[in-house]
Amino acid sequence: MKVAIVGQGYVGLTISAFAAEFFEVVGFDSNQKIVDQLNLGRSHIEGVESSLLMKSIKAGRYRATSKGSDIQDCEIVIIAVPTPLTEDRQPDLTFLESACKTIGENIRKSVLVINESTSFPGTLRNFIKPTIERHSSVNLEHLYAISPERVDPGRSDFNQKNTPRLYAGLNPEASKKTRDFYSKFCDELVEVSSPEVAEAAKLFENTFRQVNIALVNEFAQIAHSLGISVYETLDAANTKPYGFMKFTPSAGVGGHCIPVDPTYLAAVAEEHGAPATFIRRANEVNLEMSEYIVKRVAEDNGGELEGKSVLVVGVAYKPNVADVRETAAELVIEHLRGCGAVVSWHDDVVGNWKGESSAPLQGAEIAVVVTKHDSVEDRKIMASAPYVFDTTGKVKGAKGL
Ligand SMILES: NC(=O)c1ccc[n+]([C@@H]2O[C@H](COP(=O)([O-])OP(=O)(O)OC[C@H]3O[C@@H](n4cnc5c(N)ncnc54)[C@H](O)[C@@H]3O)[C@@H](O)[C@H]2O)c1
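**As for the nonpolar core**
Next up, step 1: Counting residues in hydrophobic clusters, the biggest one holds 38 residues, and the most contacted among them are Ile71, Ile79, Ile103 and Ile128.
Next up, step 2: Examining the composition of this core, we find that five residues originate from one element, helix H9 (residues 261–271), more than from any other.
Next up, step 3: Apart from the residues lying within four places of it in its own chain, the contact partners of Ile79 are Val6, Leu96, Ala99, Cys100, Ile103, Val113, Ile114, Asn115, Glu116, Ser117 and Ile128.
Next up, step 4: In this structure, Ala19, Ile45, Ile76 and Phe181 belong to the second largest nonpolar core, which totals 30 residues.

Put into structure tokens, the structure is as follows:
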């Protein structure tokens, strides 16, 4: 069986690596540079080992391409392209649209199309299917299914194999074929009654996280105003064996999912006349955390940051990954610079970002820890500046939320 995977990023390449153990995989990506690197056996994604990629290439079970015609004889086509927000923070389906165009224009026989990209309920039925059909010059009846990706890059305890996978087809045949495909490399498959349920479940999972993170971020501010430790209070609440789940405060949420997916849910809710006030407000609270942190840092430093050298430690959106998409560090830096601080950042996992390079972990007047990678030692952070504000709650001896 030949499988095309459209989009070779975090999700698409991870799936490619697993699927190539059992199928012949064509990894289609519109970015030629990524394609060239992949064909040399060089992975650009944490968790996908270059050696594994090379093994699949040598065995003739994986190759990358940017040529649409290379996917024409595949039996299964998986979509794993970005679904970000537009400038005005609305769902942006342009990548999905162009992936559907590639599929419609190139596929020459009936296939199973599975969408793994995150989007709002109705996307498979009302957007992907008609867009592929519109771009197809031949009259073909494809099967369509959704199986939202739940992978958490950089995480070692849960992966493709042991994370239960939701799925649903537009008809029973699509559902069955989807199950047959994933059951080769996923331990647990959970079929739901419609693609819309699977799409909504994925959005709700990340909305749950967004809202709870906002709640704990708001609580961190309340705890500080009361003069009590937010961490000790959370640990105390967490001794309750039921009805409580501990989230920890931070500089905000980053990455491709948590700051984005709830907005997809809110957008579809509002389109249907249903309220999404809670979701919208949670997003705002998390975005406002960066300003709150800079205010706290300024308060501790004589109310003034003008001209002071500030080192932001960790600019990736979470520990141990190089991903900076929607990172809270960006807003923290923006607010610090808005106060006149002279800001540099240290993050050797990221290396280069927005035309700037990682600065040495030393010599600042103020250090603000936004993300703490395991490779960065506490004592080095504490030695980098006389005043250290830690938003992660992990650096011993630092000031914090
Ligand atoms: N990264 C995650 O942790 C994660 C987890 C769950 C779900 N998702 C969802 O999965 C989807 C993909 O996310 P990602 O993190 O893999 O994105 P990514 O940016 O890492 O990779 C996407 C890839 O698609 C390519 N691409 C863009 N448009 C294309 C097109 N028209 N044709 C072919 N290739 C194209 C890009 O060049 C890029 O290599 C998104 O909907 C995201 O929300 C991501």
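**Comments concerning the site of the ligand**
Next up, step 1: Among the 27 residues in the neighbourhood of the ligand, the closest are listed as Val11, Asp29, Thr83, Ser98 and Thr118.
Next up, step 2: A distance of 3.0 Å separates an oxygen atom of the ligand from a polar side-chain atom of His256.
Next up, step 3: At 3.2 Å, a side-chain N or O of Arg325 approaches an oxygen atom of the ligand.
Next up, step 4: Breaking the shell around the ligand down by element, the ones donating at least two residues are helix H1 (10–19) and helix H4 (94–106).
Next up, step 5: With three residues, H4 is the largest single contributor of residues to the shell around the ligand.
Next up, step 6: Of the residues contributing to the shell around the ligand, the split by class is 13 nonpolar, 10 polar and four charged.

**Brief notes about the side chain of Thr371**
Next up, step 1: Note on placement: Thr371 falls in the loop between strand S13 (366–369) and helix H12 (378–383).
Next up, step 2: Setting aside residues no more than four positions away along its own chain, Thr371 makes contact with Val313, Gly314, Ala316, Tyr317, Lys318, Pro319 and Thr392.

**Comments concerning the packing of aromatic side chains**
Next up, step 1: What the rule picks out here adds up to nine aromatic pairs.
Next up, step 2: With 5.4 Å between their ring centres and 85° between their planes, Phe181 and Phe185 make a pair best called edge-to-face. Like Phe181, the residue Phe185 is buried in the burial classification.
Next up, step 3: Each member of the aromatic cluster is reached from another via a ring pair, and the members are Phe18, Phe22, Phe23, Phe181, Tyr182 and Phe185.

Here is what the cut-offs are and how they apply
Every chain begins its residue count from 1, and numbering advances along the sequence as written. Owing to the predicted nature of the model, reporting of local features is limited to residues with pLDDT of at least 70; listing and counting of side-chain atom pairs is limited to 80 or more, with chain, interface and lining totals taken over all residues. Hydrogens are left out, water is left out, and the side-chain values use all remaining heavy atoms of the structure. Joining through side-chain atoms within 4.5 Å is the link that ties buried Ala, Val, Leu, Ile, Met, Phe, Trp, Tyr and Cys residues into a set, and such a set is a nonpolar core. Three labels apply to residues, based on accessible area from a 1.4 Å probe with only protein chains included: buried if under 20% of the type maximum, exposed if over 50%, partly exposed otherwise in between. Only DSSP runs of H or I reaching four residues or more are called helices, and only runs of E reaching two or more are called strands; each is numbered from the N terminus. Working rule for contacts: check all heavy atoms of both residues, and any pair within 4.5 Å makes them a contact. Think of it this way: one heavy atom of a residue within 4 Å of a molecule or strand is enough to make that residue near it. Under this definition, polar contacts are N or O atom pairs within 3.5 Å; protein pairs additionally need one hydrogen-donor-capable and one acceptor-capable atom, and for neighbouring residues in sequence, both atoms have to be side-chain atoms. Gly counts as polar in this scheme, as do all residues outside two lists: the nonpolar Ala, Val, Leu, Ile, Met, Phe, Trp, Tyr, Cys and Pro, and the charged Asp, Glu, Lys and Arg. Any two of the Phe, Tyr and Trp rings considered here, Trp counted by its six-membered ring, make a pair once their centres fall within 6.5 Å; the pair's planes then place it as stacked at under 30 degrees, edge-to-face at over 60, or tilted in between.

Nothing here speaks to function; it is all geometry.
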